[in-house]
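Below are the chains, spelled out letter by letter.
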Amino acid sequence: MRRSITTLTLLLITIPIGLAVRLLPLGLPWFLYKYLGSALWTVALYWFLATLLPTLRPIVVATIALTVATLLELSRLVSIAPIDTFRLTFAGKILLGRYFSLKNILAYLLAITLTAALDHLVVPRQTKS
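Rules behind the numbers
Residues numbered from 1 in each chain as written. Predicted model: local features only at pLDDT ≥ 70, side-chain atom pairs only at ≥ 80, totals over all residues. Heavy atoms only, no water. Helix = DSSP H or I, 4+ residues; strand = E, 2+ residues; numbered from the N terminus. Expected span 1.5 Å × (residues − 1). Buried < 20%, exposed > 50% of the residue type's maximum accessible area, 1.4 Å probe, protein only. Arc of directions from axis to C-beta. Contact = heavy atoms within 4.5 Å. Polar contact = N/O pair within 3.5 Å; in protein donor to acceptor, adjacent residues only side chain to side chain. UniProt positions renumbered as here; feature names shortened; annotations may be inferred. Patch = residues over 30% accessible without salt bridge, like charges linked within 9 Å, V, L, I, M, F, W, Y side chains within 5 Å. Areas by Shrake-Rupley, 256 points an atom, 1.4 Å probe, with all protein chains shown as cover. Salt bridge = Lys/Arg side-chain N within 4 Å of Asp/Glu carboxyl O. Lys, Arg positive; Asp, Glu negative; His and termini not counted. Charge placed at Lys NZ, Arg CZ, Asp CG, Glu CD. Axes fitted to C-alpha atoms, helices over the stretch in contact; angles between N-to-C directions. Parallel < 35°, antiparallel > 145°, perpendicular 65-115°, else oblique. Left-handed = near helix turned anticlockwise from the far one by under 90°. Nonpolar A, V, L, I, M, F, W, Y, C, P; charged D, E, K, R; others polar.

*Asks:* Looking at this structure, I do not really get helix α6 (residues 102–122). What am I missing?
*Replies:* Structurally, the α-helix is built with 3.6 residues per turn, so residues lying three or four positions apart point the same way. End to end, α6 covers 30 Å across 21 residues, agreeing with the expected 30 Å (1.5 Å per residue, within 8%). Where α6 is concerned, the buried positions are Asn104, Ile105, Ala107, Tyr108, Ala111, Ile112, Thr115, Ala116 and Asp119. Take α6 and look down its axis: the buried residues cluster within an arc of 160°, on one side only. Seen from the open side of α6, the exposed residues pointing more than 90 degrees away from its buried face are Leu102, Lys103, Leu106, Leu110, Leu114, His120 and Leu121. On its buried face, α6 is in contact with α1 (2–23), α2 (30–52) and α3 (58–75). The opening residue of α6 is Ser101, an N-cap whose side-chain oxygen sits 3.2 Å from the backbone nitrogen of Lys103.

*Asks:* Explain the UniProt feature "transmembrane region" (unreviewed entry) in the protein here, please?
*Replies:* Mapped onto the present numbering, the UniProt feature "transmembrane region" (unreviewed entry) falls at residues 30–49, 56–78 and 105–123. Split by type, residues 30–49 is 100% helix and 0% strand. Its first and last C-alpha atoms lie 29 Å apart. Annotation note: span residues 105–123, helix share 95%, strand share 0%, distance between end C-alpha atoms 25 Å.

*Asks:* What should I look at first to understand a positive patch on the surface in this one?
*Replies:* Side chains of Arg22, Lys34, Lys93, Arg98 and Lys103 sit close together on the surface and give a patch of like positive charge. Inspection of the secondary structure assignment puts Lys34 in helix α2.

*Asks:* What is the right way to read the packing of α1 against α2 from this model?
*Replies:* Helix-helix packing is described using two parameters, namely the angle between the two axes and the distance between the axes. It is the contact of α1 with α2, at a shortest axis distance of 8 Å, that shows an interaxial angle of 160°. Judged by the inter-axis angle, α1 sits roughly antiparallel to α2. When the axes of α1 and α2 are compared, the crossing they make is left-handed. On α2, the residues touching Arg3, Ser4, Thr7, Leu8, Leu10, Leu11, Thr14, Ile15, Ile17, Gly18, Val21 and Arg22 of α1 are Tyr33, Lys34, Leu36, Gly37, Ser38, Leu40, Val43, Ala44, Trp47, Phe48, Ala50 and Thr51. Among the residues forming the contact of α1 with α2, the class breakdown is 14 nonpolar, seven polar and three charged.

Structural data, given as structure tokens:
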């Protein structure tokens, strides 16, 4: 239970930071403005999965998160009318994104790697009963 509370707390901290990076005029350098939001989106995905699956080791959570993030990125290459329409909304833009970028996948990989390392080193473990 303690692990789930910790990962949920980290998720709830990550979400507003990610939204602030995307929506507020923070004066960030272009590189950070472009990729920090994507990285934070993946960090939030990692903490979400870690909250739902608290007994999994960080490497497993990281693998699932990277797979989901990569599949979502690749889905941008396929046009499906209802999904494309949703992507035009605020929620769609934040959750699914609009344009494919191989560099985003690299940002996801870096963010998930760092987050899994943090998880492994700091977050309390929960073992299967």
